[in-house]
Amino acid sequence: MTGFNTKLVFGKGLNNLHDNDTGAVNVPIYQSTTYAFKDIDGDNKYDYSRSLNPTREYLETQIAALEDAKYGYAFASGSAAIHAVFTIFRPGDHIVVSKNIYGGTFRLINDYLKQLGIEFTQVDTQNLAEVEAAIKPNTKAIYFETIDNPFMKVTSVKAVSEIAKRHNVLTIIDNTFLTPYLQKALNLGADIVIHSATKYLGGHSDVIAGLVVTNNDEVGEQIYFSQNAVGGILAPEDCILVIRGIKTLSVRLDRHIQNAQKVLEYLDTKGSDIEKIYYPGRAGNASDEVAKKELNGYGGVITFQLKDHVDAKKFVNSCQLIWLAVSLGSVESLIELPYFMTHAELPVEERQKVGITPQLVRLSVGLEDPEDLIADLEQAFVKAEK
Ligand SMILES: Cc1ncc(COP(=O)(O)O)c(C=O)c1O
């Protein structure tokens, strides 16, 4: 009965409006590591903050409510959240994973999880036949990002999770680029959804955080075990920053999308300098149909390939309003060259294989006036002509 926007603003407060005796409208930062037992034999919900902290519990309950999930967990980073999800697997397990994943996840898989004896096969998750063919008797999960990075192609959560269910394996999604405002992946069939809340959910470039949700009781228990045993929890001060960011998620994303449209219209006029623009709905293939059917909006990240006569380094160095920085999904616009920055963790051959060239630019469109962003890009183009 409660609308999505109301859930953004009220979170857990919907069931428990007054968190404490003061009537404070915001959940307090419970800066306490330990909690007094009322009675040695009593049932104490809170005993130690690694296990449960009321501020973190608020955020975890809220992300679960936003994703239509039973369980939510908050971690110290998106990477810690991804690691916690992988701890549910054991040596000898096999996971089918998308070819185009965040560089840090690629590093975690190749330089750490493979050494623990977990096997991986990388596939193009937009190619459903390739996904199904990669499943082996020891396969336990399929892992991908709905919108891949940096080429913004969309994988069908519905189709991949149907394959996964047929083979009795889990579907795990990193939905950082979309958030539950633009896609509720559990409702489309996913079993586990991960977010780097550092991006749109936090939204202000002031907190590193990760979230995980699931409806699966056993998986929920395993992730809680990992959270408590490994201890990669999100601190209460950081929980508050994510909670505050979430309150304006839909308003911000609506504006990110509007601004991205204006910037796209401008980039479309730059055909003499731009080889190709990558944004959901523009792939000219099945990815567009999936985007239309499964996403409620395409977000604020645009990737484009500069023609050879444009000096890509000079182009990004020349931006004055738009920050030259990694990350995305924040109020300020950020520009970067994936080859040298976000995807530098990928070996050169990997970058070449997937088409990440030194001429590729990724722009996270922020909330500034779009005319100012366009003027900034225009003057950068003028300076970057070779
Ligand atoms: C899609 C995606 N997943 C996960 C991460 C890792 O998140 P964090 O930086 O919060 O550890 C990132 C970071 O850029 C990302 O873009």
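Scroll up to find the structure.
Conventions we followed
- Residues numbered from 1 in each chain as written.
- Predicted model: local features only at pLDDT ≥ 70, side-chain atom pairs only at ≥ 80, totals over all residues.
- Heavy atoms only, no water.
- Near = heavy atom within 4 Å.
- Polar contact = N/O pair within 3.5 Å; in protein donor to acceptor, adjacent residues only side chain to side chain.
- Areas by Shrake-Rupley, 256 points an atom, 1.4 Å probe, with all protein chains shown as cover.
- Helix = DSSP H or I, 4+ residues; strand = E, 2+ residues; numbered from the N terminus.
- Nonpolar A, V, L, I, M, F, W, Y, C, P; charged D, E, K, R; others polar.
- Salt bridge = Lys/Arg side-chain N within 4 Å of Asp/Glu carboxyl O.
- Buried < 20%, exposed > 50% of the residue type's maximum accessible area, 1.4 Å probe, protein only.

A.B. asks: Explanation requested: the site of the ligand in the structure shown.
C.D. replies: Around the ligand lies a shell of 13 residues, among which Ser79, Asp174, Ser196, Thr198 and Lys199 are the nearest. A distance of 2.7 Å separates an oxygen atom of the ligand from a polar atom in the side chain of Lys199. Bound to the protein, the ligand loses 89% of the 390 Å² it would expose on its own. With 3 residues, helix H3 (residues 78-86) is the single largest residue contributor to the shell around the ligand. Classifying every residue of the shell around the ligand by side-chain character gives 4 nonpolar, 6 polar and 3 charged.

A.B. asks: For this particular structure, what's the right way to read the pattern of salt bridges?
C.D. replies: Oppositely charged side chains can pair when the atoms bearing their charge come close. The tally for this structure, following the rule as stated, stands at 16 salt bridges. A salt bridge links Glu119 to Lys136; the nearest nitrogen and oxygen atoms lie 3.1 Å apart. A residue pair is termed long-range when its members are at least 10 positions apart, and Glu119 in strand S3 (residues 119-123) and Lys136 in the loop between helix H5 (128-133) and strand S4 (139-145) qualify at 17 residues. Classification of Glu119 by relative accessible area gives partly exposed; the value is 30%. Judged by its relative accessible area of 36%, Lys136 falls in the partly exposed class. Salt-bridge contacts for Lys270 lead to Asp273; the nearest nitrogen and oxygen are separated by 3.7 Å. Of the two residues, Lys270 and Asp273, neither departs from the other in class, the shared state being buried. Several salt bridges share partner residues, and in doing so they unite Lys270, Asp273 and Glu378 into one network.

A.B. asks: When you look at the side chain of His195 in this model, what are you seeing that I'm missing?
C.D. replies: Inspection of the secondary structure puts His195 in strand S6 (residues 192-196). Within polar-contact distance, the side chain of His195 engages the side chain of Glu67 at 2.5 Å.

Function cannot be read off these values alone, since they describe shape.
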